[in-house]
Amino acid sequence: SPVRDGGRRSLGPEHAVEAVRITLAPLLKETSGDLRCCPLPTVQADRVQMEQLFQNLIGNAIQYRRPGVPPQIRVWGETTEEGWHFSVTDNSEGIPPDQAEAIFCPLKRLHGEDVPGTGLGLALCRTIVERHGGRIWVESCEVGEGTTIRFFLPRPEWKEEAS
């Protein structure tokens, strides 16, 4: 039944990751990519937006893979008292530390026109996470060493208490 909080329902985000796996199956096969998802905690979130979020994060991991290296993508999450923490880690080319914030700005692209894209994917991810009261950030080791995008979604009751 519908809820009165903007469409948020309890859901297991691994279902969103599996939907993305099906959508991206041809690209995963073409790149010999490996997508692994640990069991994820149940959250209160909009299902469609969670699919969009994971679609962009996983799609970027494939798109910005290192040349000649099959993408390896890991998704995991954990529950805390305040809410849920998620990580999407890959073995991509990585993100320079000085670009860690800029990548979430609309139309900001780190790559030239040789790599397709609009520069809107991570901006959309930020919008989705913020709509759920959370935050998103990048942790990137060294360029060439992969990227970890982390995001946090607060429990609705925690957000209300913290206000």
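Just so it is clear, the structure is predicted and the values come from calculations on it, not from any experiment. (Residues numbered from 1 in each chain as written. Predicted model: local features only at pLDDT ≥ 70, side-chain atom pairs only at ≥ 80, totals over all residues. Heavy atoms only, no water.)

Peer 1: Would you mind going over the overall build of the protein in detail, with residue names and values included?
Peer 2: From N to C terminus, the protein includes five helices and seven strands. Starting at the N terminus and ending at the C terminus, the protein contains elements arranged as β-α-α-β-β-α-β-β-α-β-β-α. Classification of the 163 residues of the protein by burial places 43% in the buried group. Across the protein, contacts joining residues at least 24 apart in sequence account for 66% of those joining residues at least 6 apart. As presented, the protein carries roughly 8,900 Å² of accessible surface, and 51% of it is formed by carbon and sulfur atoms. (Helix = DSSP H or I, 4+ residues; strand = E, 2+ residues; numbered from the N terminus. Buried < 20%, exposed > 50% of the residue type's maximum accessible area, 1.4 Å probe, protein only. Contact = heavy atoms within 4.5 Å. Areas by Shrake-Rupley, 256 points an atom, 1.4 Å probe, with all protein chains shown as cover.)

Peer 1: Break down the packing of aromatic side chains for me, citing the residues and quoting the values.
Peer 2: The final tally for this structure, using the stated rule, is three aromatic pairs. With a centroid separation of 6.4 Å and an interplanar angle of 80 degrees, the aromatic rings of phenylalanine 54 and phenylalanine 86 are classed as edge-to-face. Of the two residues, phenylalanine 54 is situated in helix α3 (residues 47-63) and phenylalanine 86 in strand β5 (residues 83-90); the sequence distance between them amounts to 32 residues. Neither residue differs from the other here; phenylalanine 54 and phenylalanine 86 are each classed as buried. (Phe/Tyr/Trp six-rings, centres within 6.5 Å; stacked < 30°, edge-to-face > 60°.)

Peer 1: Describe the nonpolar core, with residues and values.
Peer 2: Membership of the largest hydrophobic core comes to 34 residues, with the highest contact counts inside it found for Leu53, Phe54, Ile58 and Phe151. Ranked by residues supplied to this core, first place goes to α3 with seven residues. Excluding anything up to four places from it in sequence, phenylalanine 151 contacts Leu53, Phe54, Leu57, Trp84, His85, Phe86, Val129, Arg135, Ile136 and Trp137. (Core = buried A, V, L, I, M, F, W, Y, C linked by side-chain atoms within 4.5 Å.)

Peer 1: Run through the packing of α3 against helix α4 (residues 121-131), naming residues and quoting values.
Peer 2: It is at 9 Å that the axes of α3 and α4 come closest, and there the two elements cross at 145 degrees. Crossing of α3 against α4: the hand is left-handed. Contacts between α3 and α4 pair Gln49, Met50, Gln52, Leu53, Asn56, Leu57 and Asn60 from the former with Gly121, Leu122, Leu124, Cys125, Ile128, Val129 and Arg131 from the latter. Across the contact of α3 with α4, the residue classes break down as eight nonpolar, five polar and one charged. (Axes fitted to C-alpha atoms, helices over the stretch in contact; angles between N-to-C directions. Left-handed = near helix turned anticlockwise from the far one by under 90°. Nonpolar A, V, L, I, M, F, W, Y, C, P; charged D, E, K, R; others polar.)

Peer 1: Kindly report on α3, identifying the contributing residues and their values.
Peer 2: Here α3 spans 24 Å end to end across 17 residues, near enough to the 24 Å set by a 1.5 Å rise per residue. All of the buried residues in α3 are Gln49, Met50, Leu53, Phe54, Asn56, Leu57, Ile58, Gly59, Asn60, Ala61 and Ile62. (Expected span 1.5 Å × (residues − 1).)

Peer 1: Outline unusual backbone geometry, supporting the account with residue identities and numerical values.
Peer 2: Positive phi values are uncommon outside glycine, yet serine 32 reaches one of about 55 degrees. Along the chain, serine 32 turns up in the loop between α2 (25-30) and β2 (34-37). Take serine 32: its relative accessible area is 51%, and that puts it in the exposed class.

Peer 1: Break down the side chain of arginine 150 for me, with residues and values.
Peer 2: Here arginine 150 lies in strand β7 (residues 147-154). A polar side-chain atom of arginine 150 sits 2.6 Å from a polar atom in the side chain of serine 87. Residues within four places of arginine 150 in sequence aside, it is in contact with His85, Phe86, Ser87, Arg135, Ile136, Trp137 and Glu139. (Polar contact = N/O pair within 3.5 Å; in protein donor to acceptor, adjacent residues only side chain to side chain.)

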